[in-house]
Amino acid sequence: MTESLTEVFLALVQSGLFGQEVPEKVLHLTAGEWQAIHEESVRQTVTAIVYSAMEMLPDDASLPDDGLLLRWTAEVDRIERQGSVMDRAVAGLMGFFKGHGLHPVLMKGQAAALLYPVPHRRECGDIDLYFNVPGEWDRARTLLADREIRWNVKPDGSLCYQWDGVEVEHHRKLFDLCSPFTKRRMKEAEKEYGFRAVEICGASVTVPSPELDLLLMSSHIMKHAFGNGVGLRQICDIALLCHAGGADSVRVRDLFASAGLLRWNGMLFSFLSGHLGLDMDSLPYLPGRMPDSSALLDLVLEGGNFGHYSSKGGNNGSFKFFCVLLKKLRTLGRHLKRMNFSFSLAPSEAFWTVISLSAGQFRIGRR
């Protein structure tokens, strides 16, 4: 997309997120421009969010042609239906584990969807659960085996399986952080900041406190931005979390300072205010400096959702027998390529991430 059309696309996303009136330039788009916006919406997994903005356009605005509009409407219907399926799966899964005395914590996903004006218009992926009570991760695996649910362990150590047709992952850590020193501090922070309950499909679901959730989302975005790439959906999540409020500004800043992510968060907050129109008053705290976030925007636009659309990141069928090794090397290569960007924003995390990925080359096939 051209720079001007990118601005229009972001204005539509902003409108869909916050219900704000779209600018004049959105009202007179051509059929080709709507096609380009639809394609970018798919790449960024914000198809239904942009559709919400379209629903607020005045009667005299130019809309996509009938064929595209019909296809777009069908896609939104699919997204909403999948959201309902995910909600039921979360409720059933939480009921199952809690019924056996376990205490899983839902990370992002359907908990983040609750922040949206229309929750089921957030495109869902999988269900991520974190077990913070010692021994419960192994106990959960045993319960799955007792139900004859087949699972496998991913390269990062997470457990992966299907529940009612939905992909589920169990994680041993809450935050996407690699520094061993930071991880120890954040484990203590979990006890200090704690968790809370929300309701999903009639079930009580444990999620991180607003302060922990901000760090969870921010570190997740950072991990992907420094590596394979990150799409707009994850940034929309944290924009709405900021917009919802509820976090103590002093405690949030202290938490990010302890994690060594103040500079990174300055970049992220700059993106939220500069490209998604988040009011500065909605930021959990005001960073000392708001850097130019155009580099982060370039990363978002380059590869789309998790970098899947990067022209340099596709799978090469010629190497299918070495796909595991190639994936690891490709991820390491992308981190090394973005070293200037990552080391300028979170040097400790950037360093330990590269060390972790390098060490991971020797763990292929080991569990």
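A short tour of the structure in this document, coming up. All of these numbers come straight from a predicted model, not from anything done at the bench. (Residues numbered from 1 in each chain as written. Predicted model: local features only at pLDDT ≥ 70, side-chain atom pairs only at ≥ 80, totals over all residues. Heavy atoms only, no water.)

1. Comments concerning the environment of E349
In this structure, E349 sits in helix α15 (residues 347-360). The sequence separation of E349 and L177 amounts to 172 residues, and the corresponding C-alpha distance is 6.7 Å. When sequence neighbours within four positions are dropped, the list of residues in contact with E349 reads D176, L177, C178, S179, T182, M222 and L261. Here S179 takes part through its backbone nitrogen, which lies 2.9 Å from a polar atom of the side chain of E349. (Helix = DSSP H or I, 4+ residues; strand = E, 2+ residues; numbered from the N terminus. Contact = heavy atoms within 4.5 Å. Polar contact = N/O pair within 3.5 Å; in protein donor to acceptor, adjacent residues only side chain to side chain.)

2. Some remarks on helix α4 (residues 66-99)
Under the 1.5 Å per step criterion, the end-to-end length of α4 is 49 Å for 34 residues, consistent within 8% with the ideal 50 Å. Downstream of α4 by a residue or two, G101 has a phi angle that is positive, lying close to 80°. (Expected span 1.5 Å × (residues − 1).)

3. Concerning unusual backbone geometry
Trans peptide bonds make up the majority, and among non-glycine residues the majority have a negative phi. One non-glycine residue, E148, adopts positive backbone phi at about 60°. Structurally, E148 is set in the loop between α6 (136-146) and β3 (151-153). In this structure, C201 takes a positive phi of about 55° despite not being glycine. Along the polypeptide, C201 turns up in the loop between β6 (195-200) and β7 (203-208).

4. Concerning helix α11 (residues 262-275)
The end-to-end C-alpha separation of α11 is 19 Å, in line with the 20 Å expected for 14 residues at 1.5 Å each. Within α11 the residues assigned to the buried category are W264, N265, G266, M267, L268, F269, S270, F271 and L272. Those residues of α11 that are buried are in contact with α8 (210-226), α9 (232-244), α10 (249-259), α12 (294-303) and α14 (339-345). Taken from the residues just after α11, G277 is the one with a positive phi, measuring 70°. (Buried < 20%, exposed > 50% of the residue type's maximum accessible area, 1.4 Å probe, protein only.)

5. Observations regarding the nonpolar core
Core analysis: the largest hydrophobic core is formed by 80 residues, its most contacted members being V13, I37, L232, W264 and L276. What L232 contacts, discounting residues up to four positions off in sequence, is F9, L10, V13, Q44, V46, F271, L276 and V300. L102, A111, L129 and V205 belong to the second-largest nonpolar core, a separate cluster that totals 28 residues. (Core = buried A, V, L, I, M, F, W, Y, C linked by side-chain atoms within 4.5 Å.)

6. Focus: the side chain of E136
With respect to the element layout, E136 can be found in helix α6. Buried within the structure, E136 lacks any salt-bridge partner; R139 is the closest side chain of opposite charge, at an N-O distance of 8.5 Å. In terms of polar contacts, E136 uses its side chain to reach the backbone amide nitrogen of H103, at 2.7 Å. Residues contacting E136, with those up to four places away along its chain left out, are G101, L102, H103 and F131. (Lys, Arg positive; Asp, Glu negative; His and termini not counted. Salt bridge = Lys/Arg side-chain N within 4 Å of Asp/Glu carboxyl O.)

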